[in-house]
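Structure assessment
Letter by letter, the chains look like this.
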Protein chains: 2
Amino acid sequence: METGWQRQGKLWSNLKELCEVLRIPHVAAHTDEELLFQHVQFKTGQRIHTIGQPFDTLYIVHSGFLKTVLIDEFGNEQVLSFPMKGDLFGVDGIHTKRYASEAVALSNCDLILLPFKKLTALGRVHVEFEHAMYSVMSRELVREQAMVSMLGALSAEARVARFLVSLSERYADMGYSSKLFNLRMTRHEIGSYLGLTLETVSRTLSAFNEIGLITVDQRSIGIKDPDALKTLRRLPPSSSRAKQVAAKKSKQAAEQKESPDSDWGQLASA
Amino acid sequence: METGWQRQGKLWSNLKELCEVLRIPHVAAHTDEELLFQHVQFKTGQRIHTIGQPFDTLYIVHSGFLKTVLIDEFGNEQVLSFPMKGDLFGVDGIHTKRYASEAVALSNCDLILLPFKKLTALGRVHVEFEHAMYSVMSRELVREQAMVSMLGALSAEARVARFLVSLSERYADMGYSSKLFNLRMTRHEIGSYLGLTLETVSRTLSAFNEIGLITVDQRSIGIKDPDALKTLRRLPPSSSRAKQVAAKKSKQAAEQKESPDSDWGQLASA
DNA sequence: CGTATCATTGAGGCGGCTCAATTTTTGTGG
DNA sequence: CCACAAAAATTGAGCCGCCTCAATGATACG
């Protein structure tokens, strides 16, 4: 991995490689024209773009880890996402022609530049590519929706649990171990992302560790019971109890045994 | 308003009208081909699409009010948005070819159908239209980001306050009064949207009413101090509210013109 | 006019935040 | 390589904001 890392700013990808990274069907490359996309490297801590900066290009993560953040009117950071290999970011700049968020490298990164002009031009030539770009943007929107849903309805423990699961699955996709990995972000950043304080994140990880769901040692995380993490939740707030009761009744009518709620629900006392 | 409502299913819009509704620059209509887009009417309570239903068309609100919701694995509703005139929805279906959310009419609605195939075909002919569609999708993404940020960082009072402000501005855009309007959704739906319980929403509205920021009577909302609502972060403790209300009253009595920069905003930023 | 839905309001509990102290890790320069 | 400082992480104590549970009032609809 990270081949050619040393050759700074000299890497290029063709369209086929671009599609591979984005996990979209290969564009029919009847193209004799050798379309190339430039790579750019960033070191840990460097900013890729800032809020308000004029927009003209999207970024695709070839390798490395980043965060995107919003800065509110009092200078507080709100983490929006942790882009990694295959993710697209910068989309929020299309609308106002200026980036609405800021992107920062959490590790050394290799990014593929995708000028917006080039994207639209490509879309007009390759129908599948146009569709793929819409699809990727739709995927981003669905992800944000899931995020909203999580922040609005889940307990702190459930949020941290799902965060770990999604990270684990993401690592698996990228060919790394899904059972043992290092966090690339601080507790503070995780907390911001999940709408929690860093102390709550730390405490929750410790609690999961005590129960045996995971192992924690600073940035190193070991996933011990992924199924329990996936299904962990708690009292459903801000939602209609009537529906839940109804659903529960029909469930109980169907299967009279087996309590539908996992017993992890009560671990708050720990 | 709602002209031609009676002629059910017989309304059509051309491309120019479509662009107007979407608030995007008019596409250069060198088009002799009279491209028409079908309208559809829905009555209060009807579902436009459901989760998992095969996706093939986007919807643009011509008139009326709706909600889009996610249903979690236990039947709990999570409100994602309240589409109204000029809004596009259904975008979340592009990625998986199935709608990821459910859309329900909160009032009688007139929607414009925008088949995805037609959209992409149009984008290939009219460059500006393609760009506009990307822009609209980007706008949606930015909106979701703002939502995440709000859920992650703001207090209940601030969320309700901003919700009211954004509604007010939205009504102003549509040509209605920004000072006095009716809520089209229940407290429960507002709560779900904001990640709060319906009781908290109700209590917060009552509190705003008490201190003179708004007037509330069931679904009817009067905006009295939009600036204070915009900058509000945290309400003063109830013990001290009485004095401030009194102070405010004497202020309003003294100077009947515009309320000066309110002091509600700068409390307890911590 | 009765019933179901929606809204208001109160009392009380607890989950997650705040404040604070300590330990561990990271980064930097002598 | 070690020393030192800064940042990150852990853990505890206390409290408050929001949720839960519950009862009543208001509104819409057949």
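Residues numbered from 1 in each chain as written. Chains lettered and ligands numbered in written order. Predicted model: local features only at pLDDT ≥ 70, side-chain atom pairs only at ≥ 80, totals over all residues. Heavy atoms only, no water.

For chain A, an unreviewed UniProt entry supplies the name Transcriptional regulator and the organism Noviherbaspirillum cavernae.

Quick look at the protein's contact with DNA strand D
Taken together, 23 residues surround DNA strand D, and among them Arg187(A), Arg203(A), Ser206(A), Arg219(A) and Thr200(B) come closest. Of everything in DNA strand D that lies within 4 Å of the protein, sugar and phosphate atoms constitute 65%. Contact between DNA strand D and Ser206(A): a phosphate oxygen at 2.8 Å from a side-chain N or O atom of the residue. Within the contact set of DNA strand D, a base nitrogen lies 3.1 Å away from a side-chain nitrogen or oxygen of Glu199(B). Among the elements of the structure, α7 (198-211) of chain A together with α7 (198-210) of chain B are those that each provide at least two residues to the surface near DNA strand D. If one sorts the elements of the surface near DNA strand D by residue count, α7(A) sits on top with five residues. Looking at side-chain class alone, the surface near DNA strand D contains six nonpolar, ten polar and seven charged residues. (Near = heavy atom within 4 Å. Polar contact = N/O pair within 3.5 Å; in protein donor to acceptor, adjacent residues only side chain to side chain. Helix = DSSP H or I, 4+ residues; strand = E, 2+ residues; numbered from the N terminus. Nonpolar A, V, L, I, M, F, W, Y, C, P; charged D, E, K, R; others polar.)

Quick notes on the packing of helix α1 (residues 15-22) of chain B against helix α4 (residues 127-153) of chain B
Residues and elements named next belong to chain B. It is the contact of α1 with α4, at a shortest axis distance of 12 Å, that shows an interaxial angle of 25 degrees. Considering their axes alone, α1 and α4 lie roughly parallel with respect to each other. Relative to α4, the crossing made by α1 is left-handed. On α4, the residues touching Leu-15, Leu-18, Cys-19 and Leu-22 of α1 are Phe-129, Met-133 and Arg-139. Considering only residue class, the contact of α1 with α4 consists of six nonpolar, no polar and one charged. (Axes fitted to C-alpha atoms, helices over the stretch in contact; angles between N-to-C directions. Parallel < 35°, antiparallel > 145°, perpendicular 65-115°, else oblique. Left-handed = near helix turned anticlockwise from the far one by under 90°. Contact = heavy atoms within 4.5 Å.)

Examining the protein's contact with DNA strand C
In the neighbourhood of DNA strand C, 21 residues make up the surrounding shell, with Thr200(A), Arg187(B), Ser202(B), Arg203(B) and Ser206(B) lying closest. At a separation of 3.1 Å, a base oxygen of DNA strand C approaches a polar side-chain atom of Arg203(A). Between DNA strand C and Arg219(B), the relevant distance is 2.9 Å, taken from a phosphate oxygen to a side-chain nitrogen or oxygen of the residue. For the surface near DNA strand C, the elements supplying multiple residues, two or more each, are α7 of chain A together with α7 of chain B. Ranked by residues supplied to the surface near DNA strand C, first place goes to α7(B) with five residues. Residue composition of the surface near DNA strand C, by class: five nonpolar, nine polar and seven charged.

Looking at the interface of chain B and chain A
Across the boundary between the two partners, chain B contributes 47 residues, which contact 50 residues of chain A. Across the chain B/chain A interface, buried area totals approximately 4,700 Å², and carbon plus sulfur atoms make up 62% of it. The tally of links from chain B across to chain A stands at six salt bridges. Here chain B and chain A share 13 residue pairs in polar contact (both at pLDDT 80 or more) between them. A total of 20 residues in the side of chain B that touches chain A trace back to one element, the largest contributor, which is α4(B). Residues of the side of chain B that touches chain A, tallied by class, amount to 19 nonpolar, 17 polar and eleven charged. (Buried area = accessible area lost by both parts, 1.4 Å probe. Salt bridge = Lys/Arg side-chain N within 4 Å of Asp/Glu carboxyl O.)

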